[in-house]
Amino acid sequence: MAEYGAHVASTSISERPSIFTALAQENLMSAVRPALKHVCKILAEKWPSELHWLYRYSNELHLLLDLILQHYCLKKLSASFAENFYGMKRVALCEAEAGAKLPFKVRTKSLIFLVFVPYFKSIADQLFERWREEDADGRLLSQVRLTLQVT
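These notes cover the structure that comes with them. Predicted, not measured: the structure shown is a model, and the values here were computed from it.

**Some words on the overall build of the chain**
- Each helix and strand counted, the chain has six helices and zero strands in total.
- Ordered by position in the sequence, the α and β elements of the chain form the string α-α-α-α-α-α.
- The buried share of the chain, reckoned over its 151 residues, is 20%.
- Sequence separation of at least 24 residues holds for 55% of the intrachain contacts in the chain that already meet a minimum separation of 6.

Quick look at the structure:
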């Protein structure tokens, strides 16, 4: 009976994750930022005199914590935090040895795309939302007219 389920418990490195596992690991990291922002908001409301800056700089705090966490996971586990959570591992294409660590160059590129690209995307999204709200209120258009009249 066990031979029919042997493929389910396979630990082969060459096996590929399912689409559901890949989507789940992406969704895990996208849910961390709003959760941390909410925690910062609660702490800033609870102790406003000491932690008033926490909510304002929650994006930078997330960047710092994410950078530390992803760097550690990439260096020690050869996977991002979410990939390791779901049992996946990064393997360099030029890597012939099984179980070898990721090269420095690959780790650096991975860190850029895991940490810095989502950070800049979130900053751009926030800026776009602010401009869209100002445009809907008519404030952005009046600011543009003022700058055009001054120049």
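Now that the structure has been shown, the text picks up again.
**Examining the packing of aromatic side chains**
- Taken as a whole and judged by the stated rule, the model has three aromatic pairs.
- Three or more aromatic residues link up through ring pairs in this structure, and these residues are F81, F85 and Y86.
- Above the face of the Y55 ring, K37 is positioned so that its terminal group lies 5.6 Å from the ring centre.

**Some thoughts on helix 5 (residues 104-137)**
- The end-to-end C-alpha separation of helix 5 is 49 Å, in line with the 50 Å expected for 34 residues at 1.5 Å each.
- Residue F113 marks the point of greatest curvature in helix 5, where the axis turns by about 30 degrees.
- Where helix 5 is concerned, the buried positions are R107, S110, L111, V115, Y119, S122 and E134.
- Among the residues trailing helix 5, G138 stands out with phi positive, at a value near 90 degrees.

**Some remarks on helix 3 (residues 58-77)**
- Taking 1.5 Å of rise per residue, 20 residues should cover 28 Å, and helix 3 covers 27 Å from first to last C-alpha, within 8% of that figure.
- Restricting attention to buried positions, one finds in helix 3 the residues S58, N59, H62, L63, D66, Q70, C73 and L74. Viewed along the axis of helix 3, the buried residues span an arc of 130 degrees, placing them on a single side of the element.
- Each element contacted by the buried residues of helix 3 is listed here: helix 1 (19-46), helix 2 (48-56), helix 4 (81-85) and helix 5.
- Note on helix 3: the residue one or two positions beyond its end, S78, has a positive phi of about 55 degrees.

**What to know about the nonpolar core**
- The biggest cluster of nonpolar side chains holds six residues, and these are L63, L74, L102, L111, V115 and Y119.
- Listed by contribution, the elements that provide at least two residues to this core are helix 3 and helix 5.
- It is helix 5 that provides the largest number of residues to this core, a total of three residues.
- The residues contacting V115, other than those within four sequence positions of it, are L63, D66, L67 and Q70.

**Some words on the packing of helix 1 against helix 3**
- As a packed pair, helix 1 and helix 3 sit with axes 10 Å apart at the nearest point and diverge in direction by 130 degrees. Here helix 1 lies oblique to helix 3, going by the angle between them. Two packed elements cross with a definite hand, and for helix 1 against helix 3 that hand is right-handed. Facing M29, V32, R33, L36, K37 and C40 of helix 1, the residues of helix 3 in contact are S58, N59, L61, H62, L65, D66 and Q70.
- Across the contact of helix 1 with helix 3, the residue classes tally to six nonpolar, four polar and three charged.

Here is what the cut-offs are and how they apply
- Residues numbered from 1 in each chain as written.
- Predicted model: local features only at pLDDT ≥ 70, side-chain atom pairs only at ≥ 80, totals over all residues.
- Heavy atoms only, no water.
- Helix = DSSP H or I, 4+ residues; strand = E, 2+ residues; numbered from the N terminus.
- Buried < 20%, exposed > 50% of the residue type's maximum accessible area, 1.4 Å probe, protein only.
- Contact = heavy atoms within 4.5 Å.
- Phe/Tyr/Trp six-rings, centres within 6.5 Å; stacked < 30°, edge-to-face > 60°.
- Lys NZ or Arg CZ within 6 Å of the ring centre and 35° of its normal.
- Expected span 1.5 Å × (residues − 1).
- Bend = angle between axes of the 7 residues up to and from the residue.
- Arc of directions from axis to C-beta.
- Core = buried A, V, L, I, M, F, W, Y, C linked by side-chain atoms within 4.5 Å.
- Axes fitted to C-alpha atoms, helices over the stretch in contact; angles between N-to-C directions.
- Parallel < 35°, antiparallel > 145°, perpendicular 65-115°, else oblique.
- Left-handed = near helix turned anticlockwise from the far one by under 90°.
- Nonpolar A, V, L, I, M, F, W, Y, C, P; charged D, E, K, R; others polar.

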